Amino acid sequence: MTLTLGPIGAAMSGLAMRSTAAFERRRALRRISRFSDRRLKDIGLERDWDGSILGNPGNGRGI
């Protein structure tokens, strides 16, 4: 049985990309969570009653 490193490398690359994307998302949400309610509204977002940031006001979807 021949072991090729192609599939292993592809899996590791995918894992690294997902980890990087998750880190960037958390970092962006941390920065946005510090915005005032007024500034959130200016960029088309709003804060829900529990403090979560909502994408389009009124659609009930959190970011």
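Residues numbered from 1 in each chain as written. Predicted model: local features only at pLDDT ≥ 70, side-chain atom pairs only at ≥ 80, totals over all residues. Heavy atoms only, no water.

## Observations concerning a nonpolar patch on the surface
Selection criterion: Exposure above 30% relative accessible area and no salt bridge define the residues that can form patches, which grow by joining like charges within 9 Å and nonpolar side chains of Val, Leu, Ile, Met, Phe, Trp and Tyr within 5 Å. Working definition of accessibility: Shrake-Rupley area with a 1.4 Å probe, residue cover restricted to the visible protein chains. Salt bridges are counted wherever a side-chain nitrogen of Lys or Arg sits within 4 Å of a carboxyl oxygen of Asp or Glu. Counting from the N terminus, the helices are DSSP H or I runs at least four residues long and the strands are E runs at least two residues long. For the exposure calls, accessible area comes from a 1.4 Å probe over protein chains only, and a residue counts as buried if that area is under 20% of its type's maximum, exposed if over 50%, partly exposed in between.
On the surface, L5, I8, M12 and L15 cluster together to form a nonpolar patch covering roughly 400 Å² of accessible area. Within the fold, L15 resides in helix α1 (residues 6-33). Look at L15 and you get partly exposed, because its relative accessible area is 41%.

## Examining the UniProt feature "domain: YjiS-like" (unreviewed entry) in the protein
Which entries qualify depends on this criterion: UniProt positions are given in the numbering used here, feature names are shortened, and annotations may be inferred rather than shown by experiment.
Per the UniProt record, "domain: YjiS-like" (unreviewed entry) is annotated on residues 24-48. For the annotated span residues 24-48, helix accounts for 64% and strand for 8% of the residues, and the straight-line distance between the end C-alpha atoms is 22 Å.

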